[in-house]
Amino acid sequence: MPLDTADLVDRLLAGQRRALARVLSTVEDGDDEVLRAIVAALHPRTGGSHLIGLTGSPGVGKSTLTSAVTQAMRDRGLTVAVLAVDPSSPFSGGALLGDRVRMADHAVDDGVYIRSMATRGHLGGLSWATPHALLVLEAAGFDVVIVETVGVGQAEVEIASIADSTVVVQAPGMGDAVQAAKAGIMEIADIHVVNKADRDGAQRTLRDIRGMLDMAPPGEWTPMVLATTAATGEGVEQLVEGLLAHRRWSQESGRHLRHRRAAARVQVREILLAQVRRRMAGLDEGEALEAVVAAVATRELDPYTAADRLLAEIG
């Protein structure tokens, strides 16, 4: 490990927040050699945090709810890190990292750390660097790490692969019973939350979600359905109690270990795929690629055999 990186890691493990911020920035930059060194040093120090994923469509109040949950966790004496993912513009590439604005109440609390991260074009509601950033925050010793995803649609369920407890947030007026019954994001929730429950239609939304769950086959864990009004704090205590209950159940049932293994499988697979993509990128202008492309075009090779030859080439 480069000396300056080793020093950064040591200072991070000693609890220095400035070092934590610099390590997170280094992770986001994605230099492969440095990233490998950081992950190798920090990975043995992880695994003790409660990773909470909070996801839902734009406008349902995720940031306000995240802030309220953070305060409730702090009231219990738990330290909290928040990783807020904001969308990058597909046109300019820029991002307004504005989620921290809604969490300004925690700015002077030493037990809370808030970090915004842009998607940089990554799909699924998260940034490419999110799993590595979570590892860094776990190594920093936070009791709870909350990941607030960018506003997502029905098929963006990546958060469930990395979070120990997944909260799907909805708001009244965001859809009807047919919408609730659609596959996708509704199926990943350990806890369903109808936020802005002081609005008209909240009870109908709650009924629709419960009806959807009644149609689903029973699983190990029966998802909770809760109502909150994050702006006033109503229902937040019940949500936090539900999250802590889910964590206890997960650890006692063995689900926690199974889920962490599944998350590790996904992460290793993604790293392998990224390495293959990088090696393939090195072949883009090379003679080997051009030779097999020409052979496929003239029907001397089929595409599968061509792909096998290229895989053997990159070793």
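What counts, and at which threshold
Residues numbered from 1 in each chain as written. Predicted model: local features only at pLDDT ≥ 70, side-chain atom pairs only at ≥ 80, totals over all residues. Heavy atoms only, no water. Helix = DSSP H or I, 4+ residues; strand = E, 2+ residues; numbered from the N terminus. Buried < 20%, exposed > 50% of the residue type's maximum accessible area, 1.4 Å probe, protein only. Contact = heavy atoms within 4.5 Å. Areas by Shrake-Rupley, 256 points an atom, 1.4 Å probe, with all protein chains shown as cover. Pairing = 2+ DSSP bridges. Axes fitted to C-alpha atoms, helices over the stretch in contact; angles between N-to-C directions. Arc of directions from axis to C-beta. pLDDT = per-residue confidence, 0-100.

**Considering the overall build of the protein**
Within the protein, the regular secondary structure consists of eleven helices and seven strands. The buried share of the protein, taken over its 315 residues, is 44%. Put simply, of all contacts in the protein between residues at least 6 apart along the chain, 75% involve residues at least 24 apart. Surface summary for the protein: the accessible area is close to 16200 Å², and the carbon and sulfur share equals 53%.

**Overview of the sheet that holds strand β5 (residues 165-170)**
The strand order across the open sheet formed by seven strands is β3-β2-β4-β1-β5-β6-β7, and the pairing between neighbours is parallel. Edge positions in the sheet fall to β3 (112-118) and β7 (224-227), since each has one partner strand and no second. Recorded for the sheet is a direction-independent mean angle of 20° between the axes of neighbouring strands. Here strand β1 (residues 50-56) runs beside strand β4 (residues 144-148); their pairing, made up of five bridges, is parallel. For Leu 54, the partnering residue across the bridge sits in β4 and is Glu 148. Of the strands in this sheet, β1, β2 (80-86), β3, β4, β5 and β6 (191-194) touch helix α4 (residues 62-75), which is tilted by about 175° from β4.

**Focus on helix α10 (residues 287-297)**
Buried residues of α10: Leu 289, Val 292 and Ala 295, and no others. Down the axis of α10, the smallest arc covering the buried residues is 130°, so these residues share one side. Every exposed residue of α10 that faces more than 90 degrees away from the buried side is listed here: Glu 287 and Ala 297. Along its buried surface, α10 packs onto α9 (255-283) and α11 (303-314). Looking one or two residues beyond α10, the residue adopting positive phi is Arg 299, at roughly 70°.

**What about the confidence of the model for the protein?**
For the protein, the mean per-residue pLDDT works out to 84, and 84% of the residues sit at or above 70. Across residues 121-125, where pLDDT falls below 50, the model places twelve contacts with residues more than four positions away in sequence or in other chains.

**A few points about the pairing of β3**
If a strand is regular, its side chains alternate between the two faces of the sheet. Most of β3 is tucked away, with seven of its seven residues classed as buried. Neither face of β3 is open: one carries Val 112, Ile 114, Ser 116 and Ala 118, the other Tyr 113, Arg 115 and Met 117, and all of them are buried. As paired elements, β2 and β3 share seven bridges and run parallel to each other. Each bridged residue has a counterpart across the sheet, and for Ala 81 the counterpart in β3 is Tyr 113.

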